[in-house]
Amino acid sequence: MSVSPPNLFQFAMDNTNDEFANPSDLTVLLNAIGSAGKFISSEINRAALRDIFGSAGSANVTGDDQQKLDVIGDNVVAEALLSTGLVCAMSSEENAGLIDCGDAAVTGEYCVVYDPVDGSSNIDVAAPIGTIFGIYRRLSEGVPAGDVDILRPGNEMLVAGYVLYGSSTIFCYTSGDGVHFFTLDPTLGDYLITEENVRSHGSSHVYSANEGNSGKWHDPDLNWVEHVKSEGYSGRYIGALVADFHRNLMKGGIYAYPGDKSSPDGKLRLLFECAPLAFIAEQAGGAASNGKTAIRNIEPTQLHHRTPMYIGNADEVALLEGFHSRA
Ligand code: F6P
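Here is a short report on the structure shown in this document. The structure displayed is predicted, hence computed values, not measured ones. Residue positions are given per chain, counting from 1 as you read along its sequence in written order. Residue-level local features of this predicted model are given only where pLDDT is at least 70; pairs of side-chain atoms are given and counted only at 80 or more, and the full residue set underlies all totals for whole chains, interfaces and linings. Side-chain metrics rest on all non-hydrogen atoms present in the structure, leaving aside hydrogens and water.

## Overview of the overall build of the protein
Phase 1: A count of helical and extended segments in the protein gives nine helices and 14 strands.
Phase 2: Within these notes, the globule rule equals 2.2 Å times the number of residues to the 0.38 power, and the radius of gyration is based on C-alpha atoms. Relative to the compact-globule value of 20 Å for 327 residues, the protein shows a C-alpha radius of gyration of 19 Å, a close match.
Phase 3: Seen through its C-alpha atoms, the protein measures out along the principal axes to roughly 55 × 55 × 45 Å.
Phase 4: Working definition: with a 1.4 Å probe on protein chains only, accessible area under 20% of the residue-type maximum means buried, over 50% means exposed, and in between means partly exposed. Within the span of the protein, comprising 327 residues, buried residues form 54% of the whole.
Phase 5: Surface accessibility of the protein: about 13,300 Å² in total, with carbon and sulfur atoms responsible for 49%.
Phase 6: As used throughout, the charge tally considers Lys and Arg to be positive and Asp and Glu to be negative, leaving His and the chain termini uncounted. A single reference atom marks each charge: NZ on Lys, CZ on Arg, CG on Asp, CD on Glu. Taken as two groups, the 20 positive and 42 negative side-chain charges of the protein have centres that lie 6 Å from each other. By definition, any uninterrupted DSSP run of H or I lasting at least four residues is a helix, any uninterrupted run of E lasting at least two residues is a strand, and each is numbered from the N terminus. Methods summary: accessible areas were calculated by the Shrake-Rupley approach with a probe of 1.4 Å, and residue burial reflects only the protein chains presented.

Shown next, in the form of structure tokens:
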């Protein structure tokens, strides 16, 4: 008789650590995000049938056109986390300010940052997208949690992860003790472990960047891309950070979204996208940088702080940083 592999719930119970207020908290929080991920996954699979493709007709705080699934995903993740009673502050890419956590704003122990549906432009074409999250332990005590609890560098994050909605649905997380993958078995409705202690793949001479923007890039990035092309690198760009990151983690490579002449800080959000993925990259033996500084050392100055980011194989990130340090 075959014994099924541990599910996310069992694995997190067995792998909690002293940084949590209660041993079960990691399990409860991951379970909430995992449940939201199952719901989003099922909505995505039936999106065309349920008329939830396309624009919601609104823009988020940074002016991006909100897709219907952005709005659905944002509510589902927030509701799942609120139901735990453990979350005192939440901020997402789709909201200008902090999300109201009710009474738990005073009593909850954790703060969560998330991008409910990363890679929205892929939604309508059935290409991969994902949910990215990061969890901090609160700093304030006895008062409603506020910006001080959320505006923190990635090196203070307790947990980071993502749910990737691709040819299968993968739940990935780290709590500072390696990176682990779970695959959603849709018949069981459960995430089963498929890879423990994932290591970042060696350099495979792959780069992922929107080179269509290169007319606006600065010299270090132009010189770097000319160099990697002269070395015979392959370009692979899905257009959803979480999907490009996941592929490069498994197969090797570097993802680059530079600042450029019209957007000096690039496009990506430090809190909702970059810091959580940087934590995962480092835990897997990879790296993440803004060209000069490790992403996890950057102090956010606002919830929607943007930053250039280069992430993936550590040697590839070091090579890129060399072009920036010579500038
Ligand atoms: O930040 C959102 C995002 O959709 C990322 O997931 C993705 O990598 C990037 O933007 C794509 O941007 P562009 O369409 O400019 O290449």
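There's more to say after this.
## Concerning the pattern of salt bridges
Phase 1: Here, a salt bridge means any side-chain nitrogen of Lys or Arg that lies within 4 Å of a carboxyl oxygen of Asp or Glu. Scanning the model with the defined rule gives eight salt bridges in all.
Phase 2: A salt bridge links Arg152 to Glu156; its shortest N-O distance comes to 2.8 Å.
Phase 3: On the basis of relative accessible area, Arg152 is assigned to the buried category, the value being 6%.
Phase 4: For Glu156, a relative accessible area of 34% puts it in the partly exposed group.
Phase 5: Where Asp244 meets Arg247, a salt bridge forms, and the shortest distance between an N and an O atom there is 3.3 Å. One end of the pair, Asp244, and the other, Arg247, are both in helix α7 (residues 241–251), three residues apart, so they sit about a helical turn from each other. Taken as a pair, Asp244 and Arg247 share a single burial class, namely buried.
Phase 6: Within this structure, Glu211, Glu226 and Lys229 form a network of salt bridges that share partners.

## Let's talk about the packing of aromatic side chains
Phase 1: A pair of aromatic rings is counted whenever rings of Phe, Tyr or Trp (Trp by its six-membered ring) have centres within 6.5 Å, and the orientation is called stacked for planes under 30 degrees apart, edge-to-face for over 60 and tilted otherwise. Within the structure shown, the criterion is met by nine aromatic pairs.
Phase 2: Here the aromatic rings of Tyr173 and Phe182 are separated by 6.1 Å at their centres, their planes lie at 15 degrees, and the arrangement is stacked. With respect to burial, Tyr173 and Phe182 carry one shared label: buried.
Phase 3: Through a chain of ring-to-ring contacts, three or more aromatic side chains come together here, namely Phe11, Tyr173 and Phe182.
Phase 4: Between Arg326 and the ring centre of Phe323, over which it is positioned, the NZ or CZ distance is 4.8 Å. By definition, being over a ring means that NZ of Lys or CZ of Arg is both within 6 Å of the ring centre and within 35 degrees of the ring normal.

## What about the pairing of strand β14 (residues 309–312)?
Phase 1: Of the two faces of β14, the one holding Met309 and Ile311 and the one holding Tyr310 and Gly312 are both buried throughout.
Phase 2: Where strand β12 (residues 254–257) and β14 come together, four bridges link them in antiparallel fashion. Of the residues in β14, the one forming a bridge with Ile254 is Gly312. Here, a strand pair is defined by DSSP locating no fewer than two bridges between the strands.

## Observations regarding the pairing of strand β7 (residues 169–174)
Phase 1: Counting buried residues along β7, six of its six residues qualify, which places the element largely inside the surrounding structure.
Phase 2: Every second residue of β7 is oriented toward a common face, with Thr169, Phe171 and Tyr173 on one face and Ile170, Cys172 and Thr174 on the other, all of them buried.
Phase 3: Pairing analysis gives six bridges linking strand β6 (residues 159–165) to β7, with the strands arranged antiparallel. Looking across to β7, one finds that Gly161 is bridged to Tyr173.
Phase 4: Count of turn residues in the β6/β7 antiparallel hairpin: three residues.

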